[in-house]
Amino acid sequence: MPLQRTTLNIDDRLSIAKRPFRPRGRAILVIALICFAILIATFSLFNTAQEQQRLRTEQLLSVEAKSFADALTRHMNAHLNELSVLASEIEKNIPSTYSTWQALVLAHQGNDVHFQALFWAESDRTIRWHYPQNDSEKPEQFPFDVLGDGNAQLLRMDVESLHDWHIAHPIYTQNRNTPNYYLGGTLDIAEHISHLASDYLDTFQKLTLYAASDGHVVFGDIPPNEAATGQVGLTLTGASPEFIVTLWSTPDSEHFLSLPMLIYISGLVVTILVGIALYLIEINLMARKAEQATITRLQNEIAQRKDVENQLHFIANHDPLTYLPNRHALLNHIQHTINKTLSATRTLSLICIDIDNIKEINDLHGYRIHDDVLTTVAKRLQNLLPPQAYLARTSDEHFVMLRTDLSPLEAEVHAKQVRLTVEKECHAQGVTVLPSCAIGVAYRYDTSMPAHELLRHADTAAHRARQLVHHRVVVFQMAMRDHLQQKRDIEYTIRKAIQGNELMLHFQPQVDLKTQRIVGIEALVRWQDEGGTIISPDTIVRTAEDTGLMQQLGNWIINKALEHYAMLLTEGCAPPMLAINVSGHEFQDSFLADTILQAIERHQVPAERVQIELTEQVFIENLEQNQQTLHTLTEAGISLAIDDFGTGYSSLAYLKHFPVDTVKIDRSFIDQLPECKDDAVICQAVIGMADLLGLKVVAEGVEHQAQKDYLAQIGCRYIQGHLYYPAMSVDQLLTLLKQHIPYLRYSNS
């Protein structure tokens with residue numbers, strides 16, 4: 001019975017049941033308006049309180065400014081009075097020399113006169129003496145103001161004059177109309193203001209002194225617009241202009257928890273509490289109204305959950321494309337069938353259908369055609385099923401059919417019928433596709449066999465059928481499992497040998513039929529297992545490629561072969577050429593050419609004596625990169641040979657597009673020479689073509705004299721095989737080559 005797609009709409013009732021009860025939009029709007037009104041009232045009270053606080057602050061600052069101005073006036077008057085007292089004392093005894101004047105000044109040092117300097121001037125205001133005396137012989141001349149004079153210096157008040165105010169007291173000796181002398185002093189008004197400010201003002205209060213005439217600043221900084229200020233007038237004795245003392249505080253000096261800020265915070269708290277209270281009231285009302293609706297929605301949710309669980313169970317046990325049961329469901333069904341039919345377990349059989357060209361269909365036509373073909377195959381298999389049978393899709397390529405009503409012979413016949421049905425043409429989206437399959441059949445011949453082992457046997461048989469060319473339906477036999485186990489053991493031991501450097505290199509000489517001399521050697525990897533069995537190079541290389549160790553193995557072969565060949569060069573018996581096989585997997589490394597050239601340089605082997613033998617995979621995969629690598633090698637002097645020539649479908653194209661020097665005829669064409677006419681024609685054609693192209697030809701696997709004679713007759717000059725020399729160790733090769741040293745030296749020259 002075909003499986004139907006199950007659709008669930010869980011986005012309406014289930015989501016509604018889970019949706020929380022929210023207040024109505026109208027209620028939210030009313031709550032927002034009430035909160036907004038409270039905030040407006042809070043901001044109004046905050047601004048009013050802030051303005052009143054500013055007025056109070058300015059009043060306090062004005063009082064403090066008046067106090068500071070009075071203190072400064074008293075302070076300056078005290079200094080000027082001291083100057084008048086000193087002038088009165090000196091007026092009684094006018095000094096005639098500097099030392100006399102200095103003595104009078106020193107005699108009054110205890111009167112706490114805070115002047116930077118004192119000076120004595122003539123009636124024409126020429127300064128005669130200066131105390132303390134400066135370094136120059138003549139005293140410094142500068143203008144000064146006289147107490148009671150209307151043209152006081154402070155009329156030209158600026159910032160500099162506050163630091164250096166020269167004020168003098170007139171001294172009369174004859175009459176009071178014209179002063180005869182002047183006793184003066186230099187005051188730093190700015191210093192006195194700063195000193196008093198540190199005593200009278202707080203740290204956050206600032207002082208600014210303006211000239212009343214034009215309003216320019218003579219002391220301090222201009223207060224910012226947002227600062228609270230207090231102002232008062234100031235008049236200094238001896239100076240006719242008036243000043244404006246401005247006392248102000250910085251905006252950041254106000255306390256955070258002031259009355260306006262408390263009003264602001266209280267308003268925010270009240271707004272939040274009122275909003276929360278109104279919101280909770282609305283929620284409570286809505287919850288009561290929706291109590292019955294909630295119960296109904298919960299019932300809907302329970303029903304919907306059951307639907308979802310059923311859907312999840314279906315997804316977990318079925319293939320999403322064909323809606324057939326998956327591997328998990330199949331194993332459960334097999335085990336259930338075993339438990340139910342214990343009395344007839346031997347009738348249980350599995351038929352595994354492997355669609356072996358489905359990946360090619362996907363690569364050629366795309367995933368949509370791929371999916372349509374699999375869906376069509378699933379429908380065809382379903383149409384073949386009797387009511388008691390079970391069909392599942394266990395992977396992208398595999399369908400498995402469970403039958404409990406067939407004998408072994410009937411199951412095999414039925415499998416052939418399944419194959420004929422599957423391999424019919426499929427028409428998908430205007431494309432005609434011909435699927436092919438390999439089928440494996442397995443029986444439950446042992447009552448203790450679990451479900452997963454029975455399925456594994458069917459997979460093994462299908463895999464074996466896929467490897468066969470003609471017999472595409474295979475029944476599982478225990479020999480298959482033993483073969484796979486043996487293969488896995490060999491792969492494990494070979495991988496261990498590669499990683500542990502337990503391999504060894506043998507060398508097979510190549511002979512020139514014309515001179516009967518050794519003209520080259522080919523490096524062949526060998527490994528002997530613990531039982532003494534010699535493992536062939538093809539098995540070692542194939543295992544290395546399957547396990548990802550080919551690059552490691554290839555680097556070891558290259559370095560070891562060059563190391564042995566360098567030793568032969570040192571001994572003076574090296575053949576003219578060393579051939580090294582390079583796998584197509586090694587060309588996936590973009591640094592292969594550098595690796596080979598560095599090894600040649602490291603072992604000091606001439607590049608002209610090295611030949612790289614290539615397989616067909618090099619010319620098929622990643623053609624552009626491989627071509628660049630081969631040109632790099634040939635430019636360095638290394639020669640190239642095509643191994644197993646004639647077995648690939650594109651071998652002739654290699655000769656045109658790649659810098660090949662040598663072709664090696666595969667041993668499959670040599671084995672049946674000269675009896676097999678087809679092999680003879682192929683060998684003759686290859687040799688003739690190579691002669692026309694100027695290529696060297698080497699025949700591999702020559703083991704009989706008749707083969708050698710025929711190859712020599714059709715023009716093949718170089719052979720390699722057991723007829724002359726088998727593959728041997730480097731020590732055996734060294735012994736052999738030393739017997740041929742004279743002609744080897746001649747060949748090398």
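Rules of the game
Residues numbered from 1 in each chain as written. Predicted model: local features only at pLDDT ≥ 70, side-chain atom pairs only at ≥ 80, totals over all residues. Heavy atoms only, no water. Pairing = 2+ DSSP bridges. Helix = DSSP H or I, 4+ residues; strand = E, 2+ residues; numbered from the N terminus. Axes fitted to C-alpha atoms, helices over the stretch in contact; angles between N-to-C directions. Contact = heavy atoms within 4.5 Å. Phe/Tyr/Trp six-rings, centres within 6.5 Å; stacked < 30°, edge-to-face > 60°. Lys NZ or Arg CZ within 6 Å of the ring centre and 35° of its normal. 1 Å grid on protein atoms, 1.4 Å probe; cavity = no way out; pocket = protein on both sides within 12 Å on 5 of 7 lines; lining within 4 Å. Points joined across faces, edges and corners; volume = space filled by probe spheres on them. Nonpolar A, V, L, I, M, F, W, Y, C, P; charged D, E, K, R; others polar. Buried < 20%, exposed > 50% of the residue type's maximum accessible area, 1.4 Å probe, protein only. Parallel < 35°, antiparallel > 145°, perpendicular 65-115°, else oblique. Salt bridge = Lys/Arg side-chain N within 4 Å of Asp/Glu carboxyl O.

Caption draft 1: Spotlight on the sheet that holds strand S10 (residues 349–355). Pairing is mixed across the open sheet formed by five strands, whose spatial order is S11-S12-S10-S15-S16. One side of each edge strand has no neighbouring strand; the edge strands of this open sheet are strand S11 (390–393) and strand S16 (473–475). Averaged over all neighbouring strand pairs, the angle between strand axes comes to 20°, with direction disregarded. Here helix H11 (residues 408–422) sits on the sheet in contact with S10, strand S12 (398–403), strand S15 (437–443) and S16, set at roughly 160° to S15.

Caption draft 2: Focus on the packing of aromatic side chains. Under the criterion given, the structure shown has four aromatic pairs. Taken together, the aromatic side chains of Trp120, Trp129 and Tyr181 make up a single cluster linked through ring pairs. The residue whose ring lies beneath Lys696 is Tyr718, and the NZ or CZ to ring-centre distance is 4.4 Å.

Caption draft 3: Quick look at the layout of surface pockets. If you add up the space inside the largest pocket, you get close to 920 Å³. Along the wall of the largest pocket there are 35 residues; nearest its centre are Pro537, Asp538, Asn581, Asp643 and Asp644. Sorting the residues of the lining of the largest pocket by element identifies strand S18 (517–528), strand S19 (534–535), helix H14 (537–547), helix H15 (550–571), strand S20 (578–582) and strand S22 (639–645) as the ones contributing at least two each. In terms of residues, the lining of the largest pocket owes the most to one element, S18, which gives five residues. Considered class by class, the residues forming the lining of the largest pocket number eleven nonpolar, twelve polar and twelve charged.

Caption draft 4: Quick look at the sheet that holds strand S7 (residues 217–219). Sheet architecture is open: four strands sit in the order S7-S6-S9-S8, paired in antiparallel fashion. Of all strands in the sheet, those with a lone pairing partner are S7 and strand S8 (228–235), marking the two edges. Ignoring which end each strand starts from, the neighbouring axes of this sheet average 35° apart. Pairing of strand S6 (residues 205–211) with S7, which is carried by two bridges, proceeds in the antiparallel orientation. Each residue of the ladder has a partner; that of Tyr210, found in S7, is Val217. Helix-sheet contacts for helix H2 (residues 25–92) involve S6, S8 and strand S9 (242–249), and the interaxial angle to S8 is about 25°.

Caption draft 5: Representation of the pairing of S9 within the structure. Burial analysis of S9 places six of its eight residues in the buried class, the great majority of the element. As defined by bridge partners, S6 adjoins S9 across seven bridges and the pair is classed as antiparallel. Directly across from Leu209, in S9, lies its bridge partner Val245. Across eight bridges, S8 lies against S9 in antiparallel orientation. Bridging across to S9, Leu234 finds its partner in Phe243.

Caption draft 6: Seen up close, the packing of helix H13 (residues 478–499) against H14. Direction vectors running N to C along H13 and H14 enclose 85°, while the axes themselves pass 9 Å from each other. Judged by the inter-axis angle, H13 sits roughly perpendicular to H14. In this structure, H13 contributes Ile490, Glu491, Ile494, Arg495 and Ile498 to the contact, and H14 contributes Thr539, Ile540, Thr543, Ala544, Asp546 and Thr547.

Caption draft 7: Summary view of the pattern of salt bridges. Taken as a whole and assessed by the stated rule, the structure comprises 18 salt bridges. Where Asp512 meets Arg717, a salt bridge forms, and the shortest distance between an N and an O atom there is 2.9 Å. With a gap of 205 residues between them, Asp512 in strand S17 (residues 504–512) and Arg717 in the loop between helix H21 (705–713) and strand S25 (718–720) connect regions that are remote in the sequence. We classify Asp512 as buried; its relative accessible area is 3%. The class for Arg717 is partly exposed, based on a relative accessible area of 33%. Among the salt bridges present, the one from Lys664 reaches Glu700, with a minimum N-O distance of 3.2 Å. One end of the pair, Lys664, is in strand S23 (residues 662–665); the other, Glu700, is in strand S24 (residues 696–700), and 36 residues separate them in sequence. Overall, the relative accessible area of 1% leaves Lys664 in the buried class. Accessibility expressed as a relative area gives 8% for Glu700, which makes it buried. In the salt-bridge network here, residues are joined through shared partners; they are Asp354, Lys359, Glu397 and Arg466.

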